[in-house]
Amino acid sequence: MADIQIPKDTYDIVIVGGGPGGLTAGLYASRADMKTLLLEGNAQASQITMTDMIENYPGIPAIGGFEINETFKKQAVSFGLEIKPEQVSRIHRVQLGDVEGWEVVTDRGAYRTLSVIVSTGAAWSRLGVPREEEMVGRGISYCATCDAPFYRNREVAVVGGGDTAVQEAIYLTKFASKVTLIHRRDRLRATAVLQQRAVANEKITFAWDSTVEEILGEDGVTGVRIRNVKDPGRTEEIPVEGVFIFVGLIPNTDIVKEVVDIDADGYIAADRDMKTSAEGIFACGDCISKSLRQVVTACGDGATAAHSASLYVDGVRGQAY
Ligand SMILES: Cc1cc2nc3c(=O)[nH]c(=O)nc-3n(C[C@H](O)[C@H](O)[C@H](O)COP(=O)(O)OP(=O)(O)OC[C@H]3O[C@@H](n4cnc5c(N)ncnc54)[C@H](O)[C@@H]3O)c2cc1C
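Remember, it's a predicted structure, so these values are computed and weren't measured experimentally.

Calculation notes
Residues numbered from 1 in each chain as written. Predicted model: local features only at pLDDT ≥ 70, side-chain atom pairs only at ≥ 80, totals over all residues. Helix = DSSP H or I, 4+ residues; strand = E, 2+ residues; numbered from the N terminus. Expected span 1.5 Å × (residues − 1). Near = placed C-beta within 6 Å. Nonpolar A, V, L, I, M, F, W, Y, C, P; charged D, E, K, R; others polar. Domains from an automatic or database assignment. Buried ≥ 20, exposed ≤ 12 C-beta atoms within 10 Å, placed from the backbone. Pairing = 2+ DSSP bridges. Contact = placed C-beta atoms within 7 Å. Axes fitted to C-alpha atoms, helices over the stretch in contact; angles between N-to-C directions. Parallel < 35°, antiparallel > 145°, perpendicular 65-115°, else oblique. Left-handed = near helix turned anticlockwise from the far one by under 90°. Core = buried A, V, L, I, M, F, W, Y, C linked by C-beta atoms within 7 Å.

Peer 1: Can you walk me through helix H6 (residues 295-316) in this structure?
Peer 2: Because each turn of an α-helix spans 3.6 residues, side chains separated by three or four positions end up pointing in the same direction. Between its first and last C-alpha, H6 extends 31 Å over 22 residues, near the 32 Å set by a 1.5 Å rise per residue. Downstream of H6 by one or two residues, Gly318 has phi in the positive range, about 75 degrees.

What follows is the structure, given as structure tokens:
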């Protein structure tokens, strides 16, 4: 059989995203001797770098969010992973000698590759109120599973009225002494069973028809000022040490939405091997359709995606076992 011709500068795997999912994929791919490039973006940092402390990553009792991501990066680079701080704008199909592959276009260039792993994460919608951004990790959170234990016996607020907000408010009552659920309407949008549980929970009180106008506190959150939407002259200050905001999660999937199947909420549909609907494109971490978005699940997905991509590349290069 004649050798398959593929241009020399072709990567085996290009990974898009420099969070836990992408970096774990990078570690596994480089260690499997794949010629791998990771494009970590330059517009929005990994979500995990936004949090002060993680205490639910197995084997590491407590570590800073930025620090754990740097540790992942160092380990992956030690196996030969190449990393560039470039933002991907487009991924499209191209012919690479005798085979088909992908071109990944960034703000500074374009890279040709046999396969792509998309690990672009997601972003929690902001409320858009003053001081919200600077208080992230200092009382403002977008993840109760991550941060609830820091609020044991403290009073917190939850903003939102959908399934996630109500579910997380109920979860927070395991730790917090009181949870005030702030919602801009006079009834919840969450499913009936969640609503019933929330109403029956003695630790949850409701601030109906209200929007958060300001986050209070200097070095950390000390409260929120809310305004009644039906009676705009009426404001109230609620003393809380934590504010959990659940007004929508937006997956960063714009760059692939024309190329792979996306679910109704905008997440990439990937199977258990992290394969997408497009040949040679794999996905992992918070940008895929799944039920738990955490560092440990992103890392697990990343390892699987790299393994699947490596098998795929071996197949394309005609080296399948
Ligand atoms: C405040 C907060 C606290 C948290 N606390 C915890 C916790 O305690 N424990 C826990 O397990 N989880 C926690 N999480 C969740 C955790 O951060 C995520 O589950 C995890 O970071 C997902 O990893 P990921 O690699 O899928 O995505 P991310 O970490 O979000 O990384 C996405 C990467 O993709 C890059 N990117 C996006 N678009 C592009 C593009 N077009 N081109 C190039 N690069 C791009 C970004 O720059 C980033 O590098 C927390 C999240 C938040 C917001």
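Peer 1: Can you walk me through the site of the ligand in this structure?
Peer 2: The ligand sits among 39 residues. The nearest are Gly19, Gly41, Gly121, Cys146 and Gly285. Sorting the residues of the shell around the ligand by element identifies helix H1 (20-31) and H6 as the ones contributing at least two each. Counted by class, the shell around the ligand contains 17 nonpolar, 19 polar and three charged residues. Structurally, the shell around the ligand is a two-domain feature, drawing no fewer than three residues from each of domain 1 (11-123 + 249-316) and domain 2 (126-245).

Peer 1: Before we go on, may I ask you to explain the pairing of strand S15 (residues 242-245) in this structure?
Peer 2: Side chains Gly242 and Phe244 of S15 all project onto a buried face; the interleaved residues Val243 and Ile245 project onto the opposite face, where all are buried too. In the sheet, strand S9 (residues 155-159) pairs with S15 via four bridges, with the strands oriented parallel. For Val159, the partnering residue across the bridge sits in S15 and is Ile245.

Peer 1: Quick question: what am I supposed to make of the sheet that holds S15 here?
Peer 2: By way of backbone hydrogen bonds, the strands of a sheet pair with one another, either parallel or antiparallel. On the basis of which strands lie adjacent, the open sheet formed by five strands has the order S8-S15-S9-S10-S11 and parallel pairing. Across the chains shown, the open sheet's two edge strands, defined by having one partner strand only, are strand S8 (140-141) and strand S11 (204-207). With two bridges connecting them, S8 and S15 associate as parallel partners. In the strand pairing of S15, Ile140 is matched with Val243. Sheet strands in contact with helix H4 (residues 163-172) are S9, strand S10 (178-182), S11 and S15, and its direction is about 170 degrees off that of S9.

Peer 1: Mind showing me how you'd approach the domain arrangement of the protein here?
Peer 2: How big an interface is tends to be expressed through the accessible area that disappears when the partners come together. By the assigned domains, the protein splits into domain 1 (11-123 + 249-316) and domain 2 (126-245). Placing the centre of domain 1 and that of domain 2 at their C-alpha centroids yields a distance of 32 Å. In terms of residue class, the side of domain 1 that touches domain 2 is built from one nonpolar, two polar and one charged.

Peer 1: Which parts of the structure should I look at to understand the sheet that holds strand S14 (residues 235-238)?
Peer 2: Taking strand neighbours across the sheet as the criterion, the three strands line up as S12-S13-S14 in an open arrangement whose pairing is antiparallel. The open sheet has two edge strands, strand S12 (210-216) and S14, and neither has a second partner. Going across the sheet, the axis of each strand differs from the next one's by a mean of 25 degrees, ignoring polarity. The pairing of S12 with strand S13 (residues 223-228) spans six bridges and is classified as antiparallel.

Peer 1: What should I look at first to understand H1 in this one?
Peer 2: With 12 residues, H1 should cover 16 Å at 1.5 Å per step; its first-to-last C-alpha distance of 16 Å lies within 8% of that length. The buried fraction of H1 is high, at 11 of 12 residues. Against strand S1 (11-16), strand S2 (36-39), helix H2 (65-78), strand S6 (110-118) and H6 lie the buried residues of H1. Just past H1, the residue Asp33 takes up positive phi, approximately 70 degrees.

Peer 1: Explain the environment of Gly26 to me, please; I cannot follow it from the model alone.
Peer 2: Note that Gly26 resides in helix H1. Counting along the chain gives 53 residues from Gly26 to Phe79, while the straight-line C-alpha distance between them is 8.9 Å.

Peer 1: Please explain the environment of Glu67 as it appears in this structure.
Peer 2: Secondary-structure assignment places Glu67 in helix H2. In sequence terms Glu67 and Gln196 are 129 residues apart; their C-alpha atoms lie 41 Å from each other.

Peer 1: Explain the packing of H1 against H6 to me, please; I cannot follow it from the model alone.
Peer 2: A pair of packed helices is captured by two measures, namely the crossing angle of their axes and the spacing between those axes. Two numbers describe how H1 lies on H6: the axes approach to 7 Å, and their chain directions differ by 40 degrees. One element, H1, and the other, H6, form an angle in the oblique class. By crossing handedness, the relation of H1 to H6 is classed as right-handed. For the pair H1 and H6, contact is made by Pro20, Gly21, Gly22, Thr24, Ala25, Tyr28 and Ala29 and by Val295, Ala298, Cys299, Asp301, Gly302, Ala303, Ala305, Ala306, His307, Ala309 and Ser310, respectively. Counted by class, the contact of H1 with H6 contains 11 nonpolar, six polar and one charged residues.

Peer 1: When you look at the nonpolar core in this model, what are you seeing that I'm missing?
Peer 2: Within soluble globular proteins, side chains that are nonpolar tend to cluster in buried spots. Counting 50 residues, the largest nonpolar core has Ile117 and Ala283 as the members making the most contacts within it. It is H6 that provides the largest number of residues to this core, a total of nine residues. Among residues more than four places away in sequence, those in contact with Ala283 are Ile117, Val118, Ser119, Ile268, Ala270, Met274, Thr276, Ile288 and Ala305. Core analysis: the second largest hydrophobic core is formed by 35 residues, Ala157, Val159, Ile170 and Val212 among them.

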